[in-house]
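# Report on the structure
For reference, the chains in residue letters:
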Amino acid sequence: MSATYIPARLRRAVISRALQCCENCWTPDDAPLVAHEVDHVIAERHKGKTELANLAYACFRCNRLKGSDLSSIDPQTGTITRLYNPRTDRWIEHFRLLTDAAIVAQSAIGRTTLDFLDMNDPELRGLRGVLMQQGRYAPPS
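I will try to describe carefully the structure that is included in this document. Model, not experiment: these values are computed from the prediction.

## Considerations on the overall build of the protein
Counting its secondary structure elements, the protein contains five helices and six strands. For 141 residues, the compact-globule estimate of 2.2 N^0.38 gives 14 Å, and the C-alpha radius of gyration of the protein, at 15 Å, lies within 12% of that figure. On the principal axes, the C-alpha backbone points of the protein span a range of 40 × 35 × 25 Å. Counting the 141 residues in the protein, one finds 44% classified as buried. Accessible area for the protein stands at about 7600 Å²; split by element, carbon and sulfur atoms hold 53% of it. Seen as two clouds, the 18 positive and the 16 negative side-chain charges of the protein have centres 5 Å apart.

## Concerning the pairing of strand 2 (residues 55–59)
When you tally the buried positions in strand 2, you get five out of five residues, the bulk of the element. Residues Leu55, Tyr57 and Cys59 point to one face of strand 2 and Ala56 and Ala58 to the other, with burial holding for every one of them. Two elements, strand 1 (residues 36–40) and strand 2, share five bridges in a ladder whose sense is antiparallel. Its bridge partner being in strand 2, Asp39 is matched across the sheet by Ala56.

## Some remarks on the packing of aromatic side chains
The tally for this structure, following the rule as stated, stands at two aromatic pairs. For the ring pair Tyr84 and Phe95, a centre distance of 5.3 Å and an interplane angle of 75° mean the geometry is edge-to-face. Note that Tyr84 is positioned in the loop between strand 4 (80–82) and helix 3 (91–94) and Phe95 in strand 5 (residues 95–97), a separation of eleven residues in sequence. Of the two residues, Tyr84 and Phe95, both sit in the buried class. Three or more aromatic residues link up through ring pairs in this structure, and these residues are Tyr84, Trp91 and Phe95.

## Description of the environment of Ala105
By secondary structure assignment, the location of Ala105 is in strand 6 (residues 103–105). Classification of Ala105 by relative accessible area gives partly exposed; the value is 24%. The sequence separation of Ala105 and His94 amounts to eleven residues, and the corresponding C-alpha distance is 5.7 Å. Ignoring anything within four residues of it in the chain, the contact list for Ala105 reads His94, Gly110, Arg111 and Leu114.

## Let's talk about the pattern of salt bridges
Taken as a whole and assessed by the stated rule, the structure comprises ten salt bridges. Note that Arg136 and Asp30 form a salt bridge whose closest N and O atoms lie 2.5 Å from each other. With Arg136 in the segment after helix 5 (122–133) and Asp30 in the loop between helix 1 (8–17) and strand 1, this residue pair connects regions lying 106 residues apart in the sequence. Note that Asp39 and Lys66 form a salt bridge whose closest N and O atoms lie 3.8 Å from each other. Taken together, the residues span a long stretch of sequence, with Asp39 in strand 1 and Lys66 in helix 2 (residues 60–66) at a distance of 27 residues. Judged on exposure class, the residue Asp39 and its partner Lys66 are both buried. Residues participating in the shared-partner salt-bridge network are Arg61, Asp118 and Asp121.

About the thresholds
Residues numbered from 1 in each chain as written. Predicted model: local features only at pLDDT ≥ 70, side-chain atom pairs only at ≥ 80, totals over all residues. Heavy atoms only, no water. Helix = DSSP H or I, 4+ residues; strand = E, 2+ residues; numbered from the N terminus. Rg over C-alpha atoms; globule rule 2.2 N^0.38 Å. Buried < 20%, exposed > 50% of the residue type's maximum accessible area, 1.4 Å probe, protein only. Areas by Shrake-Rupley, 256 points an atom, 1.4 Å probe, with all protein chains shown as cover. Lys, Arg positive; Asp, Glu negative; His and termini not counted. Charge placed at Lys NZ, Arg CZ, Asp CG, Glu CD. Pairing = 2+ DSSP bridges. Phe/Tyr/Trp six-rings, centres within 6.5 Å; stacked < 30°, edge-to-face > 60°. Contact = heavy atoms within 4.5 Å. Salt bridge = Lys/Arg side-chain N within 4 Å of Asp/Glu carboxyl O.

Written out as structure tokens, the structure is:
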């Protein structure tokens, strides 16, 4: 299935709402290593619409790992658990940032998403640490 064209006005609104950061891992779009793009939270193949309420700003890495998936296996319980949805979930309810740049889960959704998107990948965590030292990394509270 080919991707739907996202008009520039809508694209700008998504990026502005996201404060120019990936809405999953909160890496800013001007950081090296991670280009960003507008993503359908619920993929078009699952009948997700191309509208502001279903679009998120995601780094290339998070977007490719997520793909069209809506859920995965909770690594702690082994149960099918939905992934974090930046349109309906609050980041702070599912994740917490530690001073060493690690992100830890606060819920089953957080555990599943953290594992599925490999949000503590050493390279990404190292970049996050540098951004924290520069005062450029601030997930929502």
